[in-house]
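Remarks on the overall topology
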Amino acid sequence: MSEESLDVWFMRVVLPHEAALERFLRRNWRDLSEIQDLRQETYARVYAAARKERPKSPKAFIFSTARNLVIDRVRKSRVVSIDTGLDLEALHVFIDEPLPDE
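Structure report, in brief. (Residues numbered from 1 in each chain as written. Predicted model: local features only at pLDDT ≥ 70, side-chain atom pairs only at ≥ 80, totals over all residues. Heavy atoms only, no water.)

**Observations regarding a nonpolar patch on the surface**
There is a patch of nonpolar side chains on the surface, built from Val8, Met11 and Leu15 and spanning about 250 Å² of accessible area. Summarising the element assignment, Val8 is placed in helix H1 (residues 6–14). (Patch = residues over 30% accessible without salt bridge, like charges linked within 9 Å, V, L, I, M, F, W, Y side chains within 5 Å. Areas by Shrake-Rupley, 256 points an atom, 1.4 Å probe, with all protein chains shown as cover. Salt bridge = Lys/Arg side-chain N within 4 Å of Asp/Glu carboxyl O. Helix = DSSP H or I, 4+ residues; strand = E, 2+ residues; numbered from the N terminus.)

Written out as structure tokens, the structure reads:
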């Protein structure tokens, strides 16, 4: 008996958890417009990992992957770009003329 294809495995083992994954993401992510993107990214990560080795506990792996994705997104949202967080002109950094006290 040959090993089932990755696509068949994915449809048989991963996709049945779609409704539970959706509920998990809705509970843990405020921007509901991003839920579909988060779900698809979770699927993409699970599929890529399963190419190398199929997880022993697929359901736990799916939800761990989703949790890690949410954590990554939170971390990225907390990073503030120096361009948006600092107004260099207001600090008079690039002014060539002498300041009043000079």
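Text resumes after the structure shown.
**Looking at the side chain of Thr65**
Within the secondary structure, Thr65 is located in helix H4 (residues 58–78). In this view, Thr65 contacts Thr42, Arg45 and Val46; residues no more than four positions away in its chain are not counted. (Contact = heavy atoms within 4.5 Å.)

**Focus: the nonpolar core**
Nonpolar side chains tend toward joint burial in soluble globular proteins. Of all hydrophobic cores here, the largest spans 19 residues; its most connected members are Trp9, Phe10, Val14, Leu21, Leu25, Leu38 and Ile62. Elements supplying a minimum of two residues to this core: H1, helix H2 (18–28), helix H3 (35–52) and H4. Ignoring anything within four residues of it in the chain, the contact list for Ile62 reads Val14, His17, Leu21, Thr42 and Val46. (Core = buried A, V, L, I, M, F, W, Y, C linked by side-chain atoms within 4.5 Å. Buried < 20%, exposed > 50% of the residue type's maximum accessible area, 1.4 Å probe, protein only.)

**Regarding the pattern of salt bridges**
Scanning all chains against the criterion turns up nine salt bridges. Close ionic contact of Glu34 with Arg73 constitutes a salt bridge, the shortest N to O distance being 3.3 Å. Separated by 39 residues along the polypeptide, Glu34 in the loop between H2 and H3 and Arg73 in helix H4 bring together distant segments of the chain. Residue class for Glu34 comes out partly exposed when judged on its relative accessible area of 23%. Residue Arg73 is classed as partly exposed on the basis of its relative accessible area of 26%. The shortest N-O distance in the salt bridge between Asp72 and Arg45 comes to 3.5 Å.

**Examining the packing of aromatic side chains**
Counted according to the given criterion, the structure contains three aromatic pairs. Ring centres 5.6 Å apart and planes at 70° place the aromatic pair Phe10 and Tyr47 in the edge-to-face group. One end of the pair, Phe10, is in helix H1; the other, Tyr47, is in helix H3, and 37 residues separate them in sequence. On the basis of relative accessible area, Tyr47 is assigned to the partly exposed category, the value being 22%. When the ring of Phe24 is compared with that of Phe63, the centres are 5.7 Å apart and the planes differ by 85°; the resulting orientation is edge-to-face. Placement of Phe24 in helix H2 and of Phe63 in helix H4 is noted, with a sequence separation of 39 residues between them. Assigned by exposure class, Phe24 and Phe63 land together as buried. Of the aromatic side chains, those joined through ring pairs into one cluster are Phe10, Tyr43 and Tyr47. (Phe/Tyr/Trp six-rings, centres within 6.5 Å; stacked < 30°, edge-to-face > 60°.)

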